[in-house]
Amino acid sequence: MEIKVLRNVLEANDAIAAENRRLLRGKGIHTLNLIASPGAGKTTLLERTIEALKDHLRMGVIEGDIAGSADAERIGRHGVPVVQINTGGDCHLNASMVRSALESLPLDGIELLFVENVGNLVCPAGFDIGEDAKVVILSVAEGDDKPQKYPLIFERASAMVLNKIDLLGMVDFDLDRARSAARATHPDLPIFELSARSGQGMEGWLDWIRSKVRRHENS
Ligand code: MG
Ligand code: ZN
């Protein structure tokens, strides 16, 4: 019985996610769903990414948090349209929350949409919101065993960002162990090792985004 209820929730979510995807693709918007634990540096990565790409790409952002609008205010300072979703307790975004947020964004002026999911590596992996790709962000201030403990998100992600590499040497984080744990789950997962704070290593990540947007234009 419980299994059936859960399945119905996910089926309803998937139907709305499919509508979101149709709407976004119809407008030529490429959508990335950013998923990480709290404190991995999602918002800082977004700020740095927006600054690097804003002369060439028109971007928009949906910020998901349980409460507050601090992250949306940070993003708004970079001159891109942003909508904050407060889930009011839910630990993930679902497709219908994203659908409501899309109504408040100037979709005709956006080519690349970032969705910063609620800080959590578990259920955001299971909820399709209509994105083109999920990106998992891990920081070296966390455990290098995260890919082993939360395999689903590493399996479903199209790319992994390993953030805060400027802190390597100050923390007990084994880079090889993290890489091999991620690739044990997802053998050809692209991994971008960078520091959003210092800017080190950003170029590979930016190139990956550019290639995704270009491929989207051609499809
Ligand atoms: Mg944030
Ligand atoms: Zn959740």
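Everything below is about the structure printed above this text.
Numbers given to residues run from 1 along each chain, matching the order in which its sequence is written. All chains are assigned letters beginning at A, and all ligands numbers beginning at 1, according to the order in which they are written. Confidence filtering applies because this is a predicted model: local features only for residues at pLDDT of at least 70, side-chain atom pairs given and counted only at 80 or more, and all residues used for totals across whole chains, interfaces and linings. Excluding hydrogens and water, the side-chain figures rest on all heavy atoms present in the structure.

1. Regarding the packing of aromatic side chains
Inference 1: Note on aromatic contacts: the rings of Phe and Tyr and the six-membered ring of Trp form a pair at centre separations within 6.5 Å, being stacked when their planes are under 30 degrees apart, edge-to-face when over 60 apart, and tilted otherwise. Tallied over the full model, the rule gives three aromatic pairs.
Inference 2: Considering the side-chain rings of Trp 205 and Trp 208, the 5.9 Å spacing of their centres and the 15 degrees angle between planes classify their relative orientation as stacked. Taken together, the positions of Trp 205 and Trp 208, both in helix H8 (residues 202-218) and three residues apart, correspond to about one turn of that helix.
Inference 3: Among the aromatic residues, ring-to-ring pairing joins Phe 192, Trp 205 and Trp 208 into one connected group. Runs of H or I in DSSP of at least four residues are treated as helices and runs of E of at least two as strands, each being numbered from the N terminus.

2. Description of the nonpolar core
What tends to happen in soluble globular proteins is that the nonpolar side chains get buried as a cluster.
Inference 1: Residues Leu 32, Leu 112, Phe 114, Trp 205 and Ile 209 are the most contacted members of the largest nonpolar core, which totals 29 residues.
Inference 2: Those elements giving two or more residues to this core turn out to be strand S1 (30-36), helix H2 (42-53), strand S2 (59-65), strand S4 (112-116), strand S5 (133-139), strand S6 (159-163) and H8.
Inference 3: By residue number, the principal contributor to this core is H8, which donates six residues.
Inference 4: Every residue pair with non-hydrogen atoms within 4.5 Å of one another is taken to be in contact. The residues contacting Trp 205, other than those within four sequence positions of it, are Leu 34, Leu 45, Thr 49, Val 135, Val 161, Phe 192 and Leu 194. The definition of a nonpolar core used throughout is a set of buried Ala, Val, Leu, Ile, Met, Phe, Trp, Tyr and Cys residues joined through side-chain atoms within 4.5 Å. Each residue's exposure class comes from its accessible area (1.4 Å probe, protein chains only) as a fraction of the maximum for that residue type: buried when under 20%, exposed when over 50%, partly exposed otherwise.

3. Re a nonpolar patch on the surface
Inference 1: Each patch is built from residues lacking any salt bridge and having more than 30% relative accessible area; the joining distance is 9 Å for like charges and 5 Å for nonpolar side chains (Val, Leu, Ile, Met, Phe, Trp, Tyr). The method behind every accessible area is Shrake-Rupley, applied with a 1.4 Å probe, and residues are considered shielded solely by the protein chains displayed. By convention in these notes, a salt bridge is any Lys or Arg side-chain nitrogen within 4 Å of a carboxyl oxygen on Asp or Glu. Taken together, the side chains of Val 5, Leu 6 and Val 9 define a hydrophobic patch exposed on the protein surface, amounting to about 260 Å² of accessible area.
Inference 2: For Val 5, the location among the structural elements is in helix H1 (residues 2-26).

4. A short note on H2
Inference 1: Each residue after the first adds 1.5 Å to the expected span of a helix. Taking 1.5 Å per residue, 12 residues should reach 16 Å; H2 reaches 16 Å between its end C-alpha atoms and fits that length.
Inference 2: When we look at burial in H2, the residues that qualify are Lys 42, Thr 43, Leu 45, Leu 46, Glu 47, Thr 49, Ile 50 and Leu 53.

5. Observations concerning the coordination of the zinc ion (ligand 2)
Inference 1: The protein atoms that coordinate the zinc ion (ligand 2) are Cys 91 (SG), His 92 (ND1) and Cys 123 (SG), at distances of 2.0 to 2.2 Å.
Inference 2: Here a donor is an N, O or S atom found within 2.8 Å of the metal, or within 3.2 Å if the metal is Na, K or Ca; sites may look incomplete because water is not among the atoms. When the donors of the zinc ion (ligand 2) are listed by position in the chain, the intervening gaps give C-H-x30-C. Of this pair, His 92 sits in the loop between strand S3 (82-86) and helix H4 (95-102) while Cys 123 sits in the loop between S4 and S5; the two residues are 31 residues apart in sequence, bridging distant segments of the chain.
Inference 3: Under the relative-accessibility criterion, His 92 is labelled buried at 11%.

6. Some words on the pairing of S5
Inference 1: Counting buried positions over the seven residues of S5 gives seven, a clear majority of the element.
Inference 2: Neither face of S5 is open: one carries Ala 133, Val 135, Ile 137 and Ser 139, the other Lys 134, Val 136 and Leu 138, and all of them are buried.
Inference 3: Where S1 and S5 come together, five bridges link them in parallel fashion. Paired with Ala 36 across the bridge in S5 is Ile 137.
Inference 4: DSSP bridges decide pairing: two strands pair if at least two such bridges lie between them. Bridging between S5 and S6 involves five bridges; their strand directions are parallel.

7. A look at the environment of Leu 206
Inference 1: Note that Leu 206 resides in helix H8.
Inference 2: Exposure remark for Leu 206: the relative accessible area of 3% places this residue in the buried category.
Inference 3: Sequence separation of Leu 206 and Ala 52 is 154 residues, and the distance between their C-alpha atoms is 7.9 Å.

8. Observations regarding the pattern of salt bridges
Inference 1: As enumerated under the stated definition, the model contains 17 salt bridges in all.
Inference 2: Across the pair Arg 177 and Asp 144 runs a salt bridge, and its minimum N-O distance is 2.7 Å. Separated by 33 residues along the polypeptide, Arg 177 in helix H7 (residues 175-185) and Asp 144 in the loop between S5 and helix H5 (146-149) bring together distant segments of the chain.
Inference 3: Note on Arg 177: relative accessible area 41%, which makes it partly exposed.

9. Topic: the environment of Ala 12
Inference 1: Its location among the elements puts Ala 12 in helix H1.
Inference 2: For Ala 12 and Glu 203, which are 191 residues apart along the polypeptide, the C-alpha to C-alpha distance reads 38 Å.

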